[in-house]
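# Secondary and tertiary structure notes
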Amino acid sequence: KPHPIQGWSPNFIPKVLGDAVEKRLHDEVVLVPSFRAIETAQKLACVEGIFCGISGGATVWAAMEVCKKAPAGSNVLAMIPDTAERYLSTPLFEHAGAEMDDEEQALFNTTPCGQ
C-alpha cells in the first residue's frame, strides 16, 4: 500500500533497524499512520517553527506517543531527519496557497526582508 513518506518503501526495514530488533535492543516499534505524520509535520511548522518533512512529523509523533507512556522524569529524544523545502509539491503542503494572505503579508512586512 503506498504511503506519503518519500524515500521510504512500504514495510522497508533498514539493516541497522533489523539488526537492532534481532538483538532486542529496542523497547517497542511504533507504527505511525500517514495522516498523523503529515498532521504533526504541519503542526511543527505552524506552532514550533520547525520546517520538517513528513518523516520528521512521523518521528515526532512516535516520540510523543512514547512520552505518553514514559515514567515521570524520562527523557525522550526525537531527531528530525531533514527539512521540508524539497516537499513543497507533496501532500504536506497541499493546503498552503501560493500567495500570502493579508495576515501573512503584514507579518512578512515586519521582517528585515519585508522592509
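Before reading further, recall that the structure is shown in the block above.
Small disclaimer: the values here were computed from a predicted structure and weren't measured.

About the criteria used
Residues numbered from 1 in each chain as written. Predicted model: local features only at pLDDT ≥ 70, side-chain atom pairs only at ≥ 80, totals over all residues. Heavy atoms only, no water. Helix = DSSP H or I, 4+ residues; strand = E, 2+ residues; numbered from the N terminus. Buried < 20%, exposed > 50% of the residue type's maximum accessible area, 1.4 Å probe, protein only. Contact = heavy atoms within 4.5 Å. Core = buried A, V, L, I, M, F, W, Y, C linked by side-chain atoms within 4.5 Å. Salt bridge = Lys/Arg side-chain N within 4 Å of Asp/Glu carboxyl O. Axes fitted to C-alpha atoms, helices over the stretch in contact; angles between N-to-C directions. Parallel < 35°, antiparallel > 145°, perpendicular 65-115°, else oblique. Nonpolar A, V, L, I, M, F, W, Y, C, P; charged D, E, K, R; others polar. Polar contact = N/O pair within 3.5 Å; in protein donor to acceptor, adjacent residues only side chain to side chain.

### Notes on the overall build of the protein
From N to C terminus, the protein includes 4 helices and 0 strands. Secondary structure of the protein in N-to-C order comes out as α-α-α-α. Within the protein, buried positions represent 22% of all 115 residues. In the protein, 59% of the contacts between residues at least 6 apart in sequence involve partners at least 24 apart.

### Details of the nonpolar core
Among the nonpolar cores identified, the biggest contains 12 residues, and these are Ala37, Ile38, Ala41, Leu44, Cys52, Ile54, Ala58, Val60, Ala84, Tyr87, Leu92 and Phe93. Counting only elements with at least two residues in this core, the list comes to helix H2 (34–48) and helix H3 (54–69).

### Focus: the pattern of salt bridges
Taken as a whole and judged by the stated rule, the model has 4 salt bridges. Across the pair aspartate 19 and lysine 15 runs a salt bridge, and its minimum N-O distance is 2.7 Å. Pair noted here: aspartate 19 and lysine 15 are both in helix H1 (residues 15–22), with a separation of 4 residues, about one helical turn. By relative accessible area, aspartate 19 is classed as partly exposed at 29%. Classification of lysine 15 as exposed rests on a relative accessible area of 62%. Put simply, lysine 69 and glutamate 28 hold a salt bridge, and the shortest N to O gap is 3.1 Å. Placement of the pair is lysine 69 in helix H3 and glutamate 28 in the loop between H1 and H2, with a sequence separation of 41 residues.

### Describing the packing of H2 against H3
Where H2 contacts H3, the two axes come as close as 7 Å, and the packing angle between them is 95 degrees. Considering the angle they form, H2 stands roughly perpendicular to H3. Contacts from Arg36, Ala37, Ile38, Thr40, Ala41 and Leu44 in H2 reach Ile54, Gly56, Gly57, Ala58, Val60 and Trp61 in H3. The class makeup of the residues in the contact of H2 with H3 is 8 nonpolar, 3 polar and 1 charged.

### Re the environment of isoleucine 38
You can see isoleucine 38 is positioned in helix H2. Isoleucine 38 sits 53 residues away from proline 91 along the chain, and the two C-alpha atoms are 7.9 Å apart.

### A closer look at the side chain of threonine 40
Its place among the elements puts threonine 40 in helix H2. Within the structure, the side chain of threonine 40 is placed 2.7 Å from the backbone oxygen of arginine 36, a separation counted as a polar contact.

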